[in-house]
Amino acid sequence: MPPTELHLRFQGVSKAFGAVRALEDVTFGVRAGSVHALLGENGAGKSTLLKVLSGAHVPSHGALVLGGAQRSFASPAEAFAAGIAVIYQELQLVPEMTVAENVFLGHMPARFGLIDRAELHRQARTLLERVAPEIEPARRVASLSLGERQMVEIAKALSRGARVIAFDEPTSSLSARETDRLFTVIRALRDDGCCVLYVTHRLDEVFALCDAATVLRDGRHVKSHASLAGVSRDEIVRAMVGRELTDVYAWSARPRGALVLEVEGLAGPGLAAPITLAVARGEIVGVFGLVGAGRTELLRVLFGAARRTAGRVRVAGRELDVRSPRDAIAAGVALCPEDRRKEGIFPLLSVLENLNVSARHVHARSCGVLDGRWERENARAQTERLAIKAASPAQPIATLSGGNQQKVVFGRWLAGTLEVLLLDEPTRGVDVGARSEIYAILYELARRGVGVLLVSSDLPEVLGVSDRVLVMRRGALSGELARAEATQERVLELALPRAAEGAGR
Amino acid sequence: MRTRAARMELLQRAGMLLVFALLALACSLFVPSFASSDNLEALLLSVSTVGFVACTMLFCLASGNFDLSVGSIVACAGVVGAVVMRDTGSTALGVLAALAVGLTAGLVNGWVVAFARINPLITTLATMQIVRGAAYIANDGKSVAIGAPGFDALGSERLLGFPLPVWMCAFAMVAFGFVLARTTFGRSTLAIGGNLEAARLAGIRVERIQLAIFGLQGLVCAFTGLVLASRMTSGQPMSSQGLELEVISACVLGGVSLSGGVGSMLAVVAGVLILGTVQNAMSLLNVDSFWQYVARGSILLAAVLFDRWRTRA
């Protein structure tokens, strides 16, 4: 079984950015032929450590020991050449090129500078055999699903003869089936003797997939488990957050009021059948579905970000005719979008700007001249209320951790009248501590009479916070479960495509 | 921590103004007759044309857009204004016609960019040529002398020792600087440039604001064309060639980001002044005009390289 030889070792690795110490004296080893989980909250130093591994950062102190020899990489190319591949959340593929070209990007087989296309495809096919035989080397990457692209990324790593492969939260946007697939491939890599470093927030995955684990906190090494046998989930969470953390979700029953959102026969792009649903004041309704089930599309149509082609929507009893997000916002509907970086934040602007962007026009004086006092006061109030960790309201939002960024996007909606809150993957890339804070905010809003519609691909989260669960499949609602009857199995049964409907998306 | 951050911020903002101050000091020491009042007046007057257009170009760049058609609009508005004044004898009608030309061209740019979602570079590359063509067509390619009563005052009247255009340009800079920093319109402009999709989802009326920015740009260009026509007492269809590049260079030199989301009026003021001063000093030193091109380009390149180095360090 797995060889015990230590293949990769971080030896006293430190990295400082100015006054910020991102990593301090981190020492641990990773065995060849094992999957090693790298755990920690956001800002614990996992990404920095991966960047040291990939050669993107040069450590201030310490070194990497690879196969017994001390190495330092001045650039990602050097690390790549030494057999190290890091697969980031944002995949590093060129969408307009073919699978084969991507796999051999930078070292395509060529004769006198001319690419040997037949050889390229043959070699790519050989590599793809190992991970995803069904992917055609001649296909354009743009036409592949996210799960397939990840397989291409793995093949790319293999093409360079990588022996150390690190994954940075690889499943955050994969469906359950794609996740299973990925795990199978990772296990095969492990059995081939590869050294796999696996960064994740999901502890279920750690126990399902990993052989060993290392926990980082505040840039320091907290604990390494050479084997996960006998290690409890709580033990790991405690190591991650550095304090006792009881139930992350901390759900409790809430009084329910009149219906605040009534949707009847809603249709739009990405929705295969008309959607009818209702949310009461004080209610948190979870929406679960696989990637491509139409969850995000539903929220976008409700919010006016995508065109509604049919159906009626009533908010707080009033008919709502949304043509743009602006109309929805005026009626008290708010959306925290799925992709925080792409659709949520203004990375170059300050925390204050990001907080005030949606409500400031209501408070502005004539001709749109801003009310400086309101601007400062609101930013201060929301920062305090949501416990946003920022040095000052003038701090650029891009320098905040994922959880704090998400709180700012939340805070944007708290200044105006809020009736219905639409949430799309509110805790993606958010660490455990900040997650329970975000849930607490949700509960508080619901108690004040807000209706919440929460979309998430994290099933435990949907089950943990929702009063009621709606399940979507192929652009239509496929079922509804009360909190008491919503179990993992029943939800999945409703979410997975029926055999009769055929496979694929 | 906070005060240090604030101080850094101030330094960052004022950095290019500091460069200008050093440059002006060096010029007045080493360039003969640079510091004479006649030369300073000429310098400011020549800078005012770029300065006007840079005010709205700042909005355009900050929102992640681009406008190549400004030079053509300046020329076309001047010619059309002159033609209408010649044919009707009315100064007011000429001014109105010129402004209408600018506003129309700007709104066309804005509509195509915001609603038809065409790349602003391509859009304004097209309108740049169309409007330039229109400027020639308006009077068969010949320049038009202006004799309308009172119109010459626009470019030659003096106030407290400086020509009127200099005052107007300063006023425009203050006004547009205020709009960018202190109004919902200005902040929305930066938000759109920083993240268009997020801006839409945050409830900003993205299309309307883009339309307004280009419309304003057209209006300001037309006004600049009128001032220029008044100074030259004629509308000249071939004038202001390459003005768009000068304006964009000045903005970028000051530190306005070409990819949108970053920009302040202080940066634009600094960029416009630096570029104007260098040009003025080179003329005084009798630098060959061919070499002036090389020098201007080199300064721009050096500035952006310096900026990249500074933000990375």
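In this report, the structure presented in the accompanying data block is examined. All values derive from a computational prediction rather than experimental measurement.

### Re the pattern of salt bridges
Moving on, step 1. Taken as a whole and judged by the stated rule, the model has 44 salt bridges over all chains.
Moving on, step 2. In this structure, Glu-343 of chain A and Arg-300 of chain A form a salt bridge, with 3.4 Å as the shortest nitrogen-oxygen distance. Taken together, the residues Glu-343 of chain A in helix H11 (residues 340–344) and Arg-300 of chain A in helix H9 (residues 295–303) connect sequence positions 43 residues apart.
Moving on, step 3. Relative accessible area serves as the criterion here: at 22%, Arg-300 of chain A is assigned to the partly exposed category.
Moving on, step 4. Its salt-bridge partner being Arg-312 of chain A, residue Glu-319 of chain A comes within 3.6 Å of it at the nearest N-O pair.
Moving on, step 5. Exposure remark for Glu-319 of chain A: the relative accessible area of 46% places this residue in the partly exposed category.
Moving on, step 6. Given the relative accessible area of 42%, Arg-312 of chain A is considered partly exposed.
Moving on, step 7. Members of the salt-bridge network, linked through shared partners, are Arg-300 and Glu-343 of chain A together with Arg-117, Glu-197, Arg-200 and Glu-207 of chain B.

### Regarding helix H15 (residues 402–411) of chain A
Residues and elements named next belong to chain A.
Moving on, step 1. Most of H15 sits out of view: 10 of its 10 residues are buried.
Moving on, step 2. Turning to H15, its buried residues are Gly-402, Gly-403, Asn-404, Gln-405, Gln-406, Lys-407, Val-408, Val-409, Phe-410 and Gly-411.
Moving on, step 3. On the buried face of H15, the contacting elements are strand E18 (333–336), H11, helix H12 (351–356), helix H14 (372–385), strand E19 (420–424) and helix H16 (432–447).

### Notes on the sheet that holds E18 of chain A
Residue and element names in this part refer to chain A.
Moving on, step 1. The strand order E18-E19-E20-E15-E21-E22 describes an open sheet built from six strands, whose pairing is mixed. The open sheet is flanked by E18 and strand E22 (476–482), the only strands paired with a single partner. Neighbouring strand axes in the sheet, compared pairwise and without regard to direction, differ in orientation by 20° on average.
Moving on, step 2. Helix H18 (residues 488–495) contacts strand E15 (284–288), strand E21 (468–473) and E22 of the sheet and is inclined by roughly 30° relative to E21.

### Topic: the packing of aromatic side chains
Two numbers describe a pair of aromatic rings. These are the distance of the centres and the angle of the planes.
Moving on, step 1. Applying the stated criterion across every chain, the model contains nine aromatic pairs over all chains.
Moving on, step 2. Between Phe-162 of chain B and Trp-167 of chain B the ring centres are 6.2 Å apart and the planes differ by 80°, which places this aromatic pair in the edge-to-face class.
Moving on, step 3. For Phe-162 of chain B, a relative accessible area of 33% gives the class partly exposed.
Moving on, step 4. Residue classification places Trp-167 of chain B among the partly exposed positions, given a relative accessible area of 33%.
Moving on, step 5. Three or more aromatic residues link up through ring pairs in this structure, and these residues are Phe-167, Phe-183 and Tyr-198 of chain A.
Moving on, step 6. In this arrangement the basic side chain of Arg-483 of chain A is found over the ring face of Trp-251 of chain A, its NZ or CZ atom lying 3.8 Å from the centre.

### Description of the interface of chain A and chain B
Moving on, step 1. Listed by partner, the interface residues are 30 residues for chain A and 23 residues for chain B.
Moving on, step 2. Between chain A and chain B the total buried area reaches about 1900 Å² when both faces are included, carbon and sulfur atoms providing 65% of it.
Moving on, step 3. Of all residues in chain A, Arg-326, Phe-346 and Leu-348 of chain A give up the largest surface area on contact with chain B, accounting jointly for 27% of the area buried on that side.
Moving on, step 4. Put simply, chain A and chain B have two salt bridges between them.
Moving on, step 5. Where Arg-187 of chain B meets Glu-353 of chain A, a salt bridge forms, and the shortest distance between an N and an O atom there is 2.8 Å.
Moving on, step 6. Inspection of the region where chain A meets chain B yields eight residue pairs in polar contact (both at pLDDT 80 or more).
Moving on, step 7. Those elements that place two or more of their residues in the side of chain A that touches chain B are H9, helix H10 (325–330), H11 and helix H13 (360–363) of chain A.
Moving on, step 8. The element best represented in the side of chain A that touches chain B is H11 of chain A, accounting for four residues.
Moving on, step 9. For the side of chain A that touches chain B, a count of residues per class yields 17 nonpolar, five polar and eight charged.

Rules used in this analysis
- The numbering scheme is per chain: residues are counted from 1 as the chain's sequence reads.
- All chains are assigned letters beginning with A, and all ligands numbers beginning with 1, in the order in which they are written.
- Given that this is a predicted model, residues contribute local features only at a pLDDT of at least 70 and side-chain atom pairs are listed and counted only at 80 or more, while totals for whole chains, interfaces and linings are drawn from all residues.
- Just so you know, side-chain values use all the structure's heavy atoms and leave hydrogens and water out.
- Here a salt bridge means any side-chain nitrogen of Lys or Arg lying within 4 Å of a carboxyl oxygen belonging to Asp or Glu.
- The secondary structure listing takes helices from DSSP runs of H or I that are at least 4 residues long and strands from runs of E that are at least 2 residues long, numbered from the N terminus.
- Think of it in three bands: with a 1.4 Å probe and only protein chains considered, a residue is buried below 20% of the maximum accessible area for its type, exposed above 50%, and partly exposed in between.
- Contact between two residues is taken to exist if any of their heavy atoms lie within 4.5 Å; hydrogens are not considered.
- Note: two strands are recorded as paired if DSSP finds a minimum of 2 bridges between them.
- Interaxial angle, 0 to 180 degrees, is taken between N-to-C directions of lines fitted to C-alpha atoms, where a helix line uses only the stretch in contact.
- Only the six-membered ring of Trp is used, alongside the rings of Phe and Tyr, when aromatic pairs are assigned; centres must lie within 6.5 Å, and planes under 30 degrees apart are stacked while those over 60 apart are edge-to-face, with the rest tilted.
- Any Lys NZ or Arg CZ found within 6 Å of a ring centre and within 35 degrees of that ring's normal is scored as a charge over the ring.
- Buried area: the accessible surface (1.4 Å probe) lost by two parts on joining, summed over both.
- Counting of polar contacts relies on pairs of N or O atoms within 3.5 Å, with two restrictions inside protein: one atom must be capable of donating a hydrogen and the other of accepting it, and residues adjacent in sequence are counted only when both atoms are side-chain atoms.
- All residues other than Ala, Val, Leu, Ile, Met, Phe, Trp, Tyr, Cys, Pro, Asp, Glu, Lys and Arg, Gly among them, are scored as polar; the first ten of these are nonpolar and the last four charged.

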